[in-house]
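Read off the chains here:
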Amino acid sequence: MTVTTMFPQLRSVELAEGVRARAFAAGETLVQVVEIAPGAVLPPHSHDEAQAGILVSGRLTLLIGEEERVMEPLRTAYMIAPGVPHAARNPTSEPTVSIDLKRLVDRPCSSGFIELGDRKKTKLGLFNEFFVGDWFEIMISTLEAGGQMPDHRHRHEQIGYVIGGAAYRMTVGGEEHEHGPGDAYYAAPMVSHSAVNDSAESSLNFVAFIPPRYHRPADDGSPLLASVPTAGEPA
Ligand SMILES: [Fe+2]
Ligand SMILES: [Fe+2]
């Protein structure tokens, strides 16, 4: 398989004992598919990059600042502002998988958990659910059997990763790949992309837009974010 920046290759890294990541670069964003073994711990740390992500399977206890939450797969996303300490552990006897984004962000960032809410959209055999942060939007996208994403482009960066299900034809910048579970793509700003699922099975995808594409943060006025106070904020 030809490996290009549009279809990045994943690289395996051990982050801590029992914590393995498959990582790839998508433009300025580091994307990590992280598997945490039963009982394994990601010790408290902080960094200059903003971080965000979602749990894909299993259960994960995530501590952000002072707030701790047991995350549910594909129901809760999280975001962590630069410098805010965070830690994670797998409290169960099953492995847990999350997909995390890390990058330097040139805008105000907040920290907290994001609930799914009712941000859903269906068209042309696509079923999408959204988690909206202040610098990113995560879309969990089901591409049904026979479904398609017509060719389009936009100013937002788009990062995709196939969580499971069928392989489909993914085209980015005119380059077509048979795209299956564990594969990733990156569409830089204004690079055209499309997808066609000719198979008899649906495909489950993680998609991130930077900045948010379909929703502005809290644009419906609902309290989406359980925010974590940062140092210097009035109590
Ligand atoms: Fe981190
Ligand atoms: Fe797109």
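Conventions and cut-offs
- Residues numbered from 1 in each chain as written.
- Chains lettered and ligands numbered in written order.
- Predicted model: local features only at pLDDT ≥ 70, side-chain atom pairs only at ≥ 80, totals over all residues.
- Heavy atoms only, no water.
- Helix = DSSP H or I, 4+ residues; strand = E, 2+ residues; numbered from the N terminus.
- Donors = N, O, S within 2.8 Å, 3.2 Å for Na, K, Ca; no water.
- Tetrahedral: all angles 85-135°; square planar, octahedral: opposite > 155°, others 65-115°.
- Buried < 20%, exposed > 50% of the residue type's maximum accessible area, 1.4 Å probe, protein only.
- Pairing = 2+ DSSP bridges.

Across the junction of Ile210 and Pro211, the peptide omega takes the value -10°, indicating a cis bond. By the element assignment, Pro211 lies in the loop between β21 (203-210) and β22 (225-227). Even without being a glycine, Leu74 presents a positive backbone phi close to 60°. Positionally, Leu74 belongs in the loop between β7 (67-71) and β8 (76-80). Its identity is not glycine, yet Met190 carries a phi of approximately 65°, on the positive side. Relative to the helices and strands, Met190 is located in the loop between β19 (184-187) and β20 (193-196).

Before going further, it helps to spend a moment on the coordination of the iron ion (ligand 1). Around a metal, the idealised angle for a tetrahedral arrangement of four donor atoms is 109.5 degrees; for an octahedral arrangement of six donor atoms it is 90 or 180 degrees. Taken together, His45 (NE2), His47 (NE2), Gln51 (OE1) and His86 (NE2) make up the protein donors of the iron ion (ligand 1), found 2.1 to 2.2 Å from the metal. Each of the four donor atoms bound to the iron ion (ligand 1) contributes to angles spanning 81 to 168°, and the resulting shape is irregular. One chain supplies every donor for the iron ion (ligand 1), spaced along it as H-x1-H-x3-Q-x34-H. Residue Gln51 is found in strand β5 (residues 50-57), and its partner His86 is found in strand β9 (residues 86-89); the two are separated by 35 residues along the sequence.

Attention now goes to the coordination of the iron ion (ligand 2). Around the iron ion (ligand 2), the donor atoms from the protein are His152 (NE2), His154 (NE2), Gln158 (OE1) and His193 (NE2), and they sit 2.0 to 2.1 Å away. Its four donor atoms give the iron ion (ligand 2) angles of 85 to 160° at the centre, a pattern that matches the irregular case. Mapping the donors of the iron ion (ligand 2) onto the primary sequence yields the spacing H-x1-H-x3-Q-x34-H. Exposure class is identical for His154 and Gln158. Each is buried.

It is worth spelling out the pairing of strand β16 (residues 157-165) at this point. On a regular strand, one side chain projects to one face of the sheet and the next to the other, so that they alternate. Counting buried positions along β16 gives seven out of nine residues, so the element sits mostly inside the fold. Where β16 lies against β21, eight bridges are found, and the strand directions are antiparallel. Opposite Val162, over in β21, you have Asn205 as the bridge partner. Here four bridges tie β16 to β19, and the two strands are oriented antiparallel to one another. By the bridge assignment, Gln158 is partnered in β19 with Ala187.

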